Amino acid sequence: MSQVLIESVEAIIVDLPTIRPHKLAMHTMQNQTLVVIRLRCSDGIEGLGESTTIGGLAYGNESPESIKQNIDSHLAPLLIGQDANNINAAMLRLDKAAKGNTFAKSGLESALLDAQGKRLGLPVSELLGGRVRDGLEVAWTLASGDTGKDIAEAEHMLEIRRHRIFKLKIGAGEVNRDLKHVIAIKQALGDNASVRVDVNQAWDESVALRACRILGDNGIDLIEQPISRINRSGQVRLNQRSPAPIMADESIESVEDAFSLAADGAASIFALKIAKNGGPRAVLRTAQIAEAAGIALYGGTMLEGSIGTLASAHAFVTLKQLTWHTELFGPLLLTEEIVSEAPVYRDFQLHVPRTPGLGLALDEERLAFFRRK
Ligand code: MUC
Ligand code: MG
């Protein structure tokens, strides 16, 4: 193959409205800010990636603005002039020169994969070794902050056959009120739906011990990140005592975190997020650690738009087992699209394109309209 060089890397901040406020323990989203990566190569091929987080710095160590700045000032210059066909060498170069920054690296790795797939005429899933499924079941997050509205939203999703797994964001309110809210929703939906909660680290161990027992005894299927990622011994104790399985989300900020959580027995399910591992290839390393340790898998999201969602999906369709399915609904939370053809959600599943690369093209006019000036 003749040498193709990376010619330019652009990080574009895009602000998009959400369909309603999305209430998490640490932040209420009124809109979502995407960081879109555009990587141009000397053969004229352009790769797309996305490095999106939630709530500025409320969720993790990187904000949209810091991601863009670090790509512009530090990471893009390391890639320009490098071989676009050698993703191992390109990512190694970034890892050697820059610690952490997994969100920024994830968008760049996605863009390299998208370009390579387009060049070879293969979907990204095939570059990652090949898919074992074409669709992924997708959960929906109920996070309006109102019990009645959440039940109506869930019933509508069941009726239109878009979602039958619901994740409830709790932890911002008083614990007994949160528990009543969750149990009311589970009772309204009954066996038609799987109901899970995400506490986003809001409880301490003393609260979590009691709350996890009540949730498990009331039919809640899964409890995501109930306590701080810092409290490792507390996570181990909760994992041993909770009647409902505990999933690690914020606890995983790298592939190495995944290894030490597995070694400590701190969770029985891992949320896989490309942004928190450093890309679609990096997240598969975390998946392999989990598989070897007997830890179940869930395909997580940072509420990315279509590009980040499909970059995640191409990795997840290669996995042997995704016992707890996925939550790749990010594009559905947005009122606007910046790609010409939105991902397809049908019959409870996200359908993953078989066209080259990620299977997406930018809508230039919409991108120009919504990009931050
Ligand atoms: C999180 O903590 O899991 C994923 C879905 C959602 O509603 O929030 C995100 C973040
Ligand atoms: Mg979570």
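Residues numbered from 1 in each chain as written. Chains lettered and ligands numbered in written order. Predicted model: local features only at pLDDT ≥ 70, side-chain atom pairs only at ≥ 80, totals over all residues. Heavy atoms only, no water.

S.K.: Tell me about helix H3 (residues 102–120), residues and numbers included.
M.R.: Here H3 is 19 residues long and its end C-alpha atoms lie 26 Å apart, about the 27 Å a rise of 1.5 Å per residue gives. Most of H3 sits inside the fold, with 17 of its 19 residues counted as buried. Glycine 121 sits one or two positions beyond H3 and adopts a positive phi of about 75 degrees. (Helix = DSSP H or I, 4+ residues; strand = E, 2+ residues; numbered from the N terminus. Expected span 1.5 Å × (residues − 1). Buried < 20%, exposed > 50% of the residue type's maximum accessible area, 1.4 Å probe, protein only.)

S.K.: Describe in detail the coordination of the magnesium ion (ligand 2), supporting the description with residues and values.
M.R.: Ideal values for angles at a metal depend on the geometry: 109.5 degrees with four tetrahedral donors, 90 or 180 degrees with six octahedral donors. The magnesium ion (ligand 2) binds to the protein through Asp198 (OD), Glu224 (OE) and Asp249 (OD), with metal-donor distances spanning 2.0 to 2.2 Å. Positions of the donor residues of the magnesium ion (ligand 2) along the chain correspond to the pattern D-x25-E-x24-D. Linking aspartate 198 in strand E7 (residues 194–198) with glutamate 224 in strand E8 (residues 222–224), this pair joins segments that are 26 residues apart in sequence. (Donors = N, O, S within 2.8 Å, 3.2 Å for Na, K, Ca; no water.)

S.K.: Before we move on, could you go through the site of ligand 1 and cite the residues and values that matter?
M.R.: Around ligand 1, the surrounding shell holds 15 residues, and the nearest of these are His22, Tyr59, Thr141, Lys167 and Asn200. Contact distances for ligand 1 include 2.9 Å between an oxygen atom and a side-chain N or O atom of lysine 167. At a separation of 3.2 Å, an oxygen atom of ligand 1 approaches a polar side-chain atom of lysine 169. Coverage of ligand 1 by the protein chains reaches 100% of its 280 Å² of free accessible surface. Spatially, ligand 1 is embedded in the largest cavity. (Near = heavy atom within 4 Å. Polar contact = N/O pair within 3.5 Å; in protein donor to acceptor, adjacent residues only side chain to side chain. Areas by Shrake-Rupley, 256 points an atom, 1.4 Å probe, with all protein chains shown as cover. 1 Å grid on protein atoms, 1.4 Å probe; cavity = no way out; pocket = protein on both sides within 12 Å on 5 of 7 lines; lining within 4 Å. Sits in = over half its atoms within 2 Å of the grid points.)

S.K.: Requested: an account of unusual backbone geometry, with residues and values cited.
M.R.: Here glutamine 225, not a glycine, exhibits a phi torsion of approximately 35 degrees, which is positive. In this structure, glutamine 225 sits in the loop between E8 and helix H8 (232–241).

S.K.: Which residues make up the environment of isoleucine 37, and what are the values?
M.R.: By the secondary structure assignment, isoleucine 37 is in strand E2 (residues 28–41). Owing to a relative accessible area of 0%, isoleucine 37 belongs among the buried residues under this scheme. For the pair formed by isoleucine 37 and leucine 112, sequence separation is 75 residues and the distance between their alpha carbons is 10.0 Å. When near neighbours in sequence (up to four residues on either side) are disregarded, isoleucine 37 contacts Val9, Glu10, Ala11, Gly47, Leu48, Gly49, Glu50, Ser51, Ile71, Gly107, Leu108 and Ala111. (Contact = heavy atoms within 4.5 Å.)

S.K.: Lay out the pattern of salt bridges with the relevant residues and their values.
M.R.: Pairing is possible between side chains of opposite charge, provided their charged atoms come close. For the structure shown, the criterion picks out 29 salt bridges. Here arginine 40 makes a salt bridge to glutamate 46, at a shortest N to O gap of 3.3 Å. A salt bridge links aspartate 95 to lysine 105; the shortest N-O distance between them is 3.0 Å. One end of the pair, aspartate 95, is in helix H2 (residues 87–97); the other, lysine 105, is in helix H3, and ten residues separate them in sequence. What emerges from the salt-bridge pattern is a single network uniting Glu10, Arg38, Arg40, Glu46, Glu364 and Arg371. (Salt bridge = Lys/Arg side-chain N within 4 Å of Asp/Glu carboxyl O.)

S.K.: A description of the UniProt feature "domain: Mandelate racemase/muconate lactonizing enzyme C-terminal" (unreviewed entry) in the chain should follow, citing residues and the corresponding values.
M.R.: The UniProt record marks residues 148–245 with the feature "domain: Mandelate racemase/muconate lactonizing enzyme C-terminal" (unreviewed entry), using the residue numbering of this structure. Strand forms 13% of residues 148–245 and helix 51%; the C-alpha atoms that close the span are 27 Å apart. (UniProt positions renumbered as here; feature names shortened; annotations may be inferred.)

S.K.: Describe the sheet that holds strand E13 (residues 349–351), and please don't skip the residues or the numbers.
M.R.: With antiparallel pairing, the three strands of this open sheet are ordered in space as E4-E13-E12. Among the strands making up the open sheet, the edge pair consists of strand E4 (135–137) and strand E12 (344–346). On average, each strand axis in the sheet is inclined to that of its neighbour by 30 degrees, with strand direction left out of account. With three bridges joining them, E4 and E13 adopt antiparallel strand pairing. Bridge assignment links glycine 135 to a residue of E13, and that residue is histidine 351. Each of E4, E12 and E13 is contacted by helix H12 (residues 306–316), which is oriented at about 95 degrees to E13, the strand it contacts most. (Pairing = 2+ DSSP bridges. Axes fitted to C-alpha atoms, helices over the stretch in contact; angles between N-to-C directions.)

S.K.: Could you give an account of the sheet that holds strand E11 (residues 296–299), with specific residues and numbers?
M.R.: A sheet is described by the order of its strands in space; here seven strands give the open sequence E5-E6-E7-E8-E9-E10-E11, paired in parallel fashion. Here the strands that pair on one side only, and so sit at the sheet edges, are strand E5 (140–142) and E11. Going across the sheet, the axis of each strand differs from the next one's by a mean of 30 degrees, ignoring polarity. As paired strands, strand E10 (residues 269–272) and E11 are joined by four bridges and run parallel to one another. Each residue of the ladder has a partner; that of leucine 272, found in E11, is glycine 299.

S.K.: So what about the nonpolar core? Which residues, and what values?
M.R.: Counting residues in each nonpolar core, the largest one holds 117 residues, and the members touching the most others are Ile71 and Phe270. Split by domain, the residues of this core number at least three in each of domain 1 (6–121 + 363–370) and domain 2 (127–351). Filtering out sequence-adjacent residues up to four positions away, phenylalanine 270 remains in contact with Met247, Ala248, Ile252, Ala258, Leu261, Ala262, Thr286, Ala290, Ile295, Ala296, Leu297 and Tyr298. Core analysis: the second largest hydrophobic core is formed by nine residues, Ala139, Leu222, Met247 and Tyr298 among them. (Core = buried A, V, L, I, M, F, W, Y, C linked by side-chain atoms within 4.5 Å. Domains from an automatic or database assignment.)

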